[in-house]
Amino acid sequence: MEYSMIRKNFEKHGFSTQLFSSREEARDYLVNTLQRQTIGFGGSATLMEMGLFEALQQNNAVVWHNKVPSRDVRRLANCADIYITSANAVTESGEIVNIDATGNRVAMTAFGPETCYYVVGKNKITANLSDAIYRCRNVAAPKNAKRMNAKTPCAKNADKCYDCNSPERICRITTVIDRAPMGMKCEIIFIDQELGF
Ligand code: SF4
């Protein structure tokens, strides 16, 4: 589906949207938009690959547990008025699907910040909700488990989900954001490149 139609579907669901052809353009847009703010980041390979933390830190206070892994940092990030994350999958019809282990990220996408930005590479776009959930479990989660060296059956080859009961299972909370939550501004920043998992 063309980006114009995907954007229209998200906009009908209460999200504003942007489209950039490269991660650099998207990063510049956020750097120009966000100044003198406190910004929380969700765990994300996409944000890491963009160098967004380093870029935004120049003019903002950015809190990210990927840099300082701790419960306190997660809690601090969850007090920010601006939150930036990616998504494990989005649908062409305008929904966002995420899987979390601790829940700090999905909590902020449901309630908390005044504004939530989602940075979404083209590899995250799926045809429908069942494909999105499949992608989260069988593509994004195994790759994230491998990145985190989790002791889970999926981490070795990052090939598929084994629906494990490992103590280190990273798939514990699945959320579907159907519409922008009431009272929260949400913006989807599409990037026409493969980014993150
Ligand atoms: S449920 Fe377990 S095996 Fe499946 S993707 Fe999550 S961590 Fe990996």
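Residues numbered from 1 in each chain as written. Predicted model: local features only at pLDDT ≥ 70, side-chain atom pairs only at ≥ 80, totals over all residues. Heavy atoms only, no water.

A. Highlighting the overall build of the protein chain. The number of helices and strands found in the protein chain is 7 helices and 10 strands. Against the globule reference of 16 Å for 197 residues, the protein chain gives a C-alpha radius of gyration of 16 Å, in line with a compact fold. When the backbone C-alpha atoms are referred to their principal axes, the protein chain occupies close to 40 × 40 × 30 Å. Each of the 197 residues in the protein chain was classed as buried or not, and the buried ones make up 51%. (Helix = DSSP H or I, 4+ residues; strand = E, 2+ residues; numbered from the N terminus. Rg over C-alpha atoms; globule rule 2.2 N^0.38 Å. Buried < 20%, exposed > 50% of the residue type's maximum accessible area, 1.4 Å probe, protein only.)

B. Representation of the packing of aromatic side chains. By the definition in use, this model includes 7 aromatic pairs. On the numbers, 5.2 Å between centres and 40° between planes, the contact of Phe-20 with Tyr-29 is tilted. The exposure classification of Phe-20 matches that of Tyr-29, with both residues buried. Counting every residue linked through ring pairs, the aromatic cluster contains Tyr-3, Phe-10, Phe-15 and Phe-190. (Phe/Tyr/Trp six-rings, centres within 6.5 Å; stacked < 30°, edge-to-face > 60°.)

C. Summary view of helix H1 (residues 3–12). For H1, the set of buried residues is Tyr-3, Ile-6, Asn-9 and Phe-10. Considered in projection along H1, the buried side chains sweep an arc of 125° and stay on one side of the axis. Across from the buried face of H1, at angles greater than 90 degrees, the exposed residues are Ser-4 and Lys-12. On its buried face, H1 sits against strand E1 (16–20), strand E5 (89–91), strand E6 (96–100), strand E8 (125–126) and strand E10 (185–191). One or two positions beyond H1, positive phi appears at Gly-14, with a value near 95°. (Arc of directions from axis to C-beta. Contact = heavy atoms within 4.5 Å.)

D. Representation of the environment of Ala-89 in the model. By secondary structure assignment, the location of Ala-89 is in strand E5. Considered as a pair, Ala-89 and Ile-125 are 36 residues apart in the sequence and their alpha carbons are 6.0 Å apart. Apart from the residues within four sequence positions on either side, Ala-89 is in contact with Glu-95, Ile-96, Val-97, Lys-124, Thr-126, Ala-132, Arg-135 and Cys-136.

E. Structural detail: the site of the ligand. Every residue near the ligand is listed here: Arg-137, Ala-141, Thr-152, Cys-154, Cys-161, Tyr-162, Asp-163, Cys-164, Arg-169, Ile-170 and Cys-171. Residues of the shell around the ligand, tallied by class, amount to 7 nonpolar, 1 polar and 3 charged. (Near = heavy atom within 4 Å. Nonpolar A, V, L, I, M, F, W, Y, C, P; charged D, E, K, R; others polar.)

F. Inspection of the pairing of E6 at higher detail. With 5 of its 5 residues buried, E6 lies for the most part within the structure. Going residue by residue along E6, you find Ile-96, Asn-98 and Asp-100 tucked away on one face and Val-97 and Ile-99 tucked away on the opposite face as well. Where E5 and E6 come together, 2 bridges link them in antiparallel fashion. Each residue of the ladder has a partner; that of Ala-89, found in E6, is Val-97. Of the strand pairs in this sheet, E6 and strand E9 (residues 173–177) are connected by 5 bridges, and their pairing is antiparallel. What sits directly across from Ile-99, in E9, is Thr-174. (Pairing = 2+ DSSP bridges.)

G. Structural detail: the pattern of salt bridges. Within this structure, the stated rule accounts for 5 salt bridges. Residue Asp-100 pairs with Arg-105 through a salt bridge whose shortest N-O separation is 2.7 Å. Arg-105 shares its class with Asp-100; the two are buried. Here Asp-163 ties to Arg-169 by a salt bridge, and the two come within 2.9 Å at their closest N and O atoms. Of the residues examined, Asp-163 reaches a relative accessible area of 48% and is grouped as partly exposed. Through salt bridges that share partners, Arg-137, Asp-163 and Arg-169 make up one connected network. (Salt bridge = Lys/Arg side-chain N within 4 Å of Asp/Glu carboxyl O.)

H. The arrangement of the side chain of Thr-46 in detail. Turning to its location among the elements, Thr-46 is positioned in helix H3 (residues 45–50). Those residues within four positions of Thr-46 in sequence are excluded, and the remaining contacts are Ser-86, Val-119, Lys-124, Leu-195 and Gly-196.

I. Fine view of a nonpolar patch on the surface. On the surface, Leu-129, Ile-133 and Val-176 cluster together into a nonpolar patch covering about 190 Å² of accessible area. Note that Ile-133 resides in helix H7 (residues 129–147). (Patch = residues over 30% accessible without salt bridge, like charges linked within 9 Å, V, L, I, M, F, W, Y side chains within 5 Å. Areas by Shrake-Rupley, 256 points an atom, 1.4 Å probe, with all protein chains shown as cover.)

Limitation: the analysis is restricted to geometry and does not speak to function.
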